[in-house]
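In case you want the letters, here they are:
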Amino acid sequence: MENRTYTADAAPGDTVTVAGWVHEIRDLGGIAFLILRDTTGKIQVKFEKDEMDDDLVDTGLGVQRESVISVTGDVEEEPRAPTGVEVTPESVDVISEADPELPLDPSGKVDAELPTRLDNRTLDLRKDEVKAIFEIRAEVLRSVREAFRELDCTEINTPKIVATGTEGGTELFPITYFGQEAFMNQSPQLFKQLMVGSGLERVFEIGPIFRAEEHNTPRHLNEATSIDFESAFYDHTEAMDACEHVVQSAYEGVAENCQDELEALGLEDEFAAPEGDFPRLTYEEALDRINATGELDEPLVWGDDLSTEAEHVLGQEVGEHYFITDWPSEIKPFYIKDHDDDAEVSTGFDMMHPSMELVSGGQREHRFDHLVEGFEQQGLDPEAFEYYTKMFKYGMPPHAGWGLGGERLIMTMLGLENIREAVLFPRDRQRLSP
Ligand code: ATP
Ligand code: AMO
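This is a predicted model, so every value here is computed, not measured.

### Considering the overall build of the protein chain
Then comes step 1: Looking only at helices and strands, the protein chain has 12 helices and 18 strands in total.
Then comes step 2: A principal-axis box enclosing the C-alpha atoms of the protein chain has dimensions of 90 × 55 × 40 Å.
Then comes step 3: Burial status across the protein chain gives 50% buried among its 434 residues.
Then comes step 4: Counting 36 positive and 93 negative side-chain charges, the protein chain places the centres of these two groups 3 Å from one another.

Below, the structure written as C-alpha cells:
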C-alpha cells in the first residue's frame, strides 16, 4: 500500500495514512476514540463529533471491530492517548468490513479455549501474547541457523517421502507412492548420516518430521519441526558441545532481540539463557538419583526407559538443562554406536529440560559389518536399507549428531503448557485442518 505509515512510526507533526484493524471503539459521548492496530502496535484516532463531518464520524464509529480500515490525518502529541500520540482523521476508508459475530475476541477480553483458537489462528494471532510466540519462534530459528554457521555447518534438505522408517516401525504414516508403499519421514537420520560421508562433512537440517504417535499428550505432535545436526569426525561428547552451543544461542537470540515479545508474555523478568555447561549424568547416575528420591512406586533398573514421571523427578533434582549419557545399548536405535570397551553401554545421549526430553543423539556406528549386525538385532531387514548401508562400504568417517524438537525447545523456553501453542496449525489425532 503506497504511503502507508506503521503506527509505531507515526510522529507528532506528521500527516499519515495508517492502516490496520479496528481494535476497539470507545464512545464517550461528545468524543470517541477508535484504536487502530497494526503489526507494530496501536494508535488512537480521535473523533470529536461536534467538530467533524457527520459522514466521517459515522464511518469511523459505525465500523465493526476487527474490520480493516485506513485512516489519513494529522498526528499530534496527546499524553492521555495509550501511546502518547493520536490521529485526527481527515478521511477513513473501510477496506474490509468484519462480521459482527467474531469466533474469538482478539482484544483478549473474552478468553477462548485452545481448539477455538486453533480453528481461528488468523484472529488468535492478532493478540500480542500469541503473536509473540511466533515472533520468538522465528528468532529461535534465526539464532539456531547462525549458531550452526558458527559451527561451520552446511544446511541441507532431505526427502520427506521415504521408503523406510528409522525410529521404530510403529510410528510411521504410510502413503502410496505411484502404487508403491511409502511413508512420511520420521527423522532425517539416515540422510544426514549419508551426508557426513560426502564432501559436506558437517550438516544441519530444520524440517518437518511425521510420527503417528499413539498418544495424545501436551508434548507430542504428529507433525513436528526437527532441528538436526550431524558431523564427521565428531564423537558423542563433541556432539553434546555443539548441542549446548545451539540451545544457548537460541536463548541468547531471544533475550537480545525479543524484549517486547517477552514482555507481551509476562516473561521479561524471569527469562534467562542457560549459563555454563549443562551437567552430564550417566544413565546409571540418573537411575540412582531417581531411585534415591523414593518417589517412584517401583525403582528403575538397568534397561528401563525413563517414564514421564521419572523424567519429572530427575528434572526437579537437577533443576536445569542436563544430559543423560551412556544409555543401555538395548534401548537405543541400531545407528547408535556402543562403547568400544563395553557393548552393553552405548554412546547415545539425551538432552533434557527439567520438564521433558528435548534432544536425542549419539555417536553413530560407521563400521559396515557392525551396522548390518545392528539391523538384524533390531529385527530390521538390512536389504531394505541397502541405499544407506552400502555407502558405509565406500569410506564413511566416524561421526555423531543429534535431533532437537523445535516445538519442545520453544515450549520449554516460554513455559507453554501445550506444545500446540508453539505451532501455527498443529497436527494431532483430532486435527487435520486448518
Ligand atoms: P468534549 O471533549 O467534546 O467536551 P467529552 O466531554 O465527552 O467531549 P472530555 O471530557 O474531553 O470529553 O473527555 C472525556 C474523557 O476522555 C475524559 O476521561 C478524558 O480524560 C478522556 N480524554 C479526552 N481526550 C482524550 C484524548 N485525546 N486521549 C485520551 N483520553 C482523552
Ligand atoms: P528422537 O526420536 O528422540 O530422535 O527425536 C528427537 C527429538 O525430537 C522431538 N520429537 C517430538 N516433538 C514433538 N512431537 C513428537 N511427536 C516428537 N517426536 C520427537 C523431541 C525429541 O527429543 N534420529 C534421532 C535423533 C538423532 O539421533 O540424531 C531422533 O529422531 O524433542
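### Things to note about the sheet that holds strand S5 (residues 85–96)
Then comes step 1: Reading around the barrel, the five strands line up as S1-S2-S3-S5-S4 and close back on themselves, with mixed pairing between neighbours. Across the sheet, the mean angle separating the axes of adjacent strands is 50° when strand polarity is ignored.
Then comes step 2: Of the pairings in the sheet, the one linking strand S1 (residues 15–27) to strand S2 (residues 31–38) comprises six bridges and is antiparallel in character. The residue of S2 that forms the bridge with Trp21 is Arg37.
Then comes step 3: Set on the sheet, helix H1 (residues 54–62) makes contact with S1, S2, strand S3 (41–48) and S5; between it and S5 the angle comes to about 75°.

### Some points on the UniProt feature "site: Important for tRNA non-discrimination" (unreviewed entry) in the protein chain
Then comes step 1: Look at the UniProt record and you will see "site: Important for tRNA non-discrimination" (unreviewed entry) annotated at Pro82.
Then comes step 2: Mapped onto the elements, Pro82 comes out in the loop between strand S4 (68–77) and S5.
Then comes step 3: Beyond its immediate stretch of four places on either side in the chain, Pro82 contacts Ile35 and Gln44.

### Some details on unusual backbone geometry
Then comes step 1: The amide bond that connects Ser433 to the next residue, Pro434, takes the cis arrangement and shows omega of -5°.
Then comes step 2: Here Glu201, not a glycine, exhibits a phi torsion of approximately 65°, which is positive.
Then comes step 3: Residue classification places Glu201 among the partly exposed positions, given a relative accessible area of 39%.

### Let's talk about the packing of helix H8 (residues 283–293) against helix H9 (residues 308–318)
Then comes step 1: It is the contact of H8 with H9, at a shortest axis distance of 9 Å, that shows an interaxial angle of 95°. Taken together, the axes of H8 and H9 lie roughly perpendicular to each other. Of the residues in H9, those touching H8 at Ala286, Arg289, Ile290 and Thr293 are Ala310, Val313, Leu314, Glu317 and Val318.
Then comes step 2: Residue composition of the contact of H8 with H9, by class: six nonpolar, one polar and two charged.

### What to know about the site of ligand 2
Then comes step 1: Taken together, 22 residues lie near ligand 2, and Gln189, Lys192, Arg211, Glu357 and Ser360 sit nearest.
Then comes step 2: Gln189 has a polar side-chain atom sitting 2.7 Å from a nitrogen atom of ligand 2.
Then comes step 3: Within the backbone of Gly405, an N or O atom sits 3.3 Å from an oxygen atom of ligand 2.
Then comes step 4: Relative to its unbound accessible surface of 620 Å², ligand 2 loses 93% to contact with the protein.
Then comes step 5: For the shell around ligand 2, the leading source of residues is strand S17 (residues 356–363), giving five residues.

### Observations concerning the UniProt feature "binding site: Mg(2+) 2" (unreviewed entry) in the protein chain
Then comes step 1: Mapped onto this structure's residue numbering, the UniProt feature "binding site: Mg(2+) 2" (unreviewed entry) falls at Glu357 and Ser360.
Then comes step 2: The topology assignment puts Glu357 in strand S17.
Then comes step 3: On the basis of relative accessible area, Glu357 is assigned to the partly exposed category, the value being 23%.
Then comes step 4: At a separation of 3.2 Å, a polar atom in the side chain of Glu357 contacts the side chain of Ser360.
Then comes step 5: Topologically, Ser360 is positioned in strand S17.
Then comes step 6: Within the structure, the side chain of Ser360 is placed 3.2 Å from the side chain of Asp350, a separation counted as a polar contact.

### With respect to the site of ligand 1
Then comes step 1: All residues in the neighbourhood of ligand 1 are listed as Leu28, Gly30, Ile31, Phe33, Gln44, Glu78, Arg80, Ala81 and Glu86.
Then comes step 2: Burial of ligand 1 by the protein amounts to 54% of the accessible area it has alone, namely 610 Å².
Then comes step 3: Of the residues contributing to the shell around ligand 1, the split by class is four nonpolar, two polar and three charged.

### Focus on the sheet that holds strand S7 (residues 161–162)
Then comes step 1: Taken in spatial order, the three strands line up as S7-S9-S8 in an open sheet, and their pairing is antiparallel. Strands at the two margins of the open sheet, each flanked by one partner only, are S7 and strand S8 (174–177).
Then comes step 2: Of the pairings in the sheet, the one linking S8 to strand S9 (residues 180–184) comprises four bridges and is antiparallel in character. Residue pairing across strands places Ile175 opposite Ala182, the latter belonging to S9.

So, how was this worked out
Residues numbered from 1 in each chain as written. Chains lettered and ligands numbered in written order. Predicted model: local features only at pLDDT ≥ 70, side-chain atom pairs only at ≥ 80, totals over all residues. Heavy atoms only, no water. Helix = DSSP H or I, 4+ residues; strand = E, 2+ residues; numbered from the N terminus. Buried < 20%, exposed > 50% of the residue type's maximum accessible area, 1.4 Å probe, protein only. Lys, Arg positive; Asp, Glu negative; His and termini not counted. Charge placed at Lys NZ, Arg CZ, Asp CG, Glu CD. Pairing = 2+ DSSP bridges. Axes fitted to C-alpha atoms, helices over the stretch in contact; angles between N-to-C directions. Contact = heavy atoms within 4.5 Å. UniProt positions renumbered as here; feature names shortened; annotations may be inferred. Parallel < 35°, antiparallel > 145°, perpendicular 65-115°, else oblique. Nonpolar A, V, L, I, M, F, W, Y, C, P; charged D, E, K, R; others polar. Near = heavy atom within 4 Å. Polar contact = N/O pair within 3.5 Å; in protein donor to acceptor, adjacent residues only side chain to side chain. Areas by Shrake-Rupley, 256 points an atom, 1.4 Å probe, with all protein chains shown as cover.

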